[in-house]
Amino acid sequence: MSRAYGDTNGVIAKGEPANSPEQIPRAYEQAQRALRARQQSHNPYGFIAYADLGVDRLLALDGNAEEVERLISDWLGDLLGYDHRHGTELVPTLAAYLDHGGKYADTSTTLTIHRNTLRYRISRITEISGHDLNDVETQLNLHLATRAWRLRRASVGEPPRNAVR
């Protein structure tokens, strides 16, 4: 479709097949969740199927909302508060850093900041949050929390926003 229209800035999201009319609302809700996840990813355009969401399927469920909000608060609360009070972007920086597997070059390119700026932000993140970013378990929990944070703040159908700006 992108080639036919000459534009690669579209998103197509698909839920699981509906085998009866009663399953259509479920499939529609799944497609909406897939759309939100795609729009908040580092590659917000293209096709995504609900079945491809992986862990985002759990993070985007409304039934898990209270537990997911607690995950976000427990792991990102101090950083979110700091960002709010000081107008900084430490949580989006952390999200990009974790999305890129801790690679400074890729993260700084995505954020369009100098590597030294990224190093400074990462040291502030560690200092403010008290989390050891070298610990694999901590990285996993922070990555899940940042993904949940992005999914929770996204509205279905809003234009994709760069997840790291």
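Residues numbered from 1 in each chain as written. Predicted model: local features only at pLDDT ≥ 70, side-chain atom pairs only at ≥ 80, totals over all residues. Heavy atoms only, no water.

## With respect to the nonpolar core
Membership of the largest hydrophobic core comes to 22 residues, with the highest contact counts inside it found for Leu76, Leu79, Leu94, Ile125 and Leu133. Put simply, the parts of the chain that give this core at least two residues each are α4 (65-86), α5 (90-99), α7 (115-129) and α8 (136-153). Per-element tally for this core: the top contributor is α5, with six residues. In this structure Leu79 touches Leu90, Val91, Leu94, Ile125, Ile128 and Ser129, once residues within four positions along its chain are discounted. (Core = buried A, V, L, I, M, F, W, Y, C linked by side-chain atoms within 4.5 Å. Buried < 20%, exposed > 50% of the residue type's maximum accessible area, 1.4 Å probe, protein only. Helix = DSSP H or I, 4+ residues; strand = E, 2+ residues; numbered from the N terminus. Contact = heavy atoms within 4.5 Å.)

## Here we look at the pattern of salt bridges
Under the definition given, this model contains six salt bridges. The partner of Arg26 in a salt bridge is Glu16, with the nearest N and O atoms 3.2 Å apart. Placement of the pair is Arg26 in helix α2 (residues 24-39) and Glu16 in the loop between β1 (11-14) and α2, with a sequence separation of ten residues. Where Asp99 meets Arg150, a salt bridge forms, and the shortest distance between an N and an O atom there is 2.9 Å. Here Arg150 lies in helix α8 and Asp99 lies in helix α5, a separation of 51 residues in the sequence. Asp99 gets classed as partly exposed once you look at its relative accessible area, which sits at 22%. Judged by its relative accessible area of 5%, Arg150 is buried. Overlapping salt bridges bring together Glu66, Glu67 and Arg70 as one network. (Salt bridge = Lys/Arg side-chain N within 4 Å of Asp/Glu carboxyl O.)

## Examining the packing of aromatic side chains
Throughout the structure, instances matching the rule amount to one aromatic pair. Where Tyr97 meets Tyr104, the ring centres are 5.7 Å apart and the plane angle is 70°; that geometry is what we call edge-to-face. Judged by relative accessible area, which is 9%, Tyr97 ranks as buried. A cation sits over an aromatic face here: Arg119 above Tyr104, 4.3 Å from the ring centre. (Phe/Tyr/Trp six-rings, centres within 6.5 Å; stacked < 30°, edge-to-face > 60°. Lys NZ or Arg CZ within 6 Å of the ring centre and 35° of its normal.)

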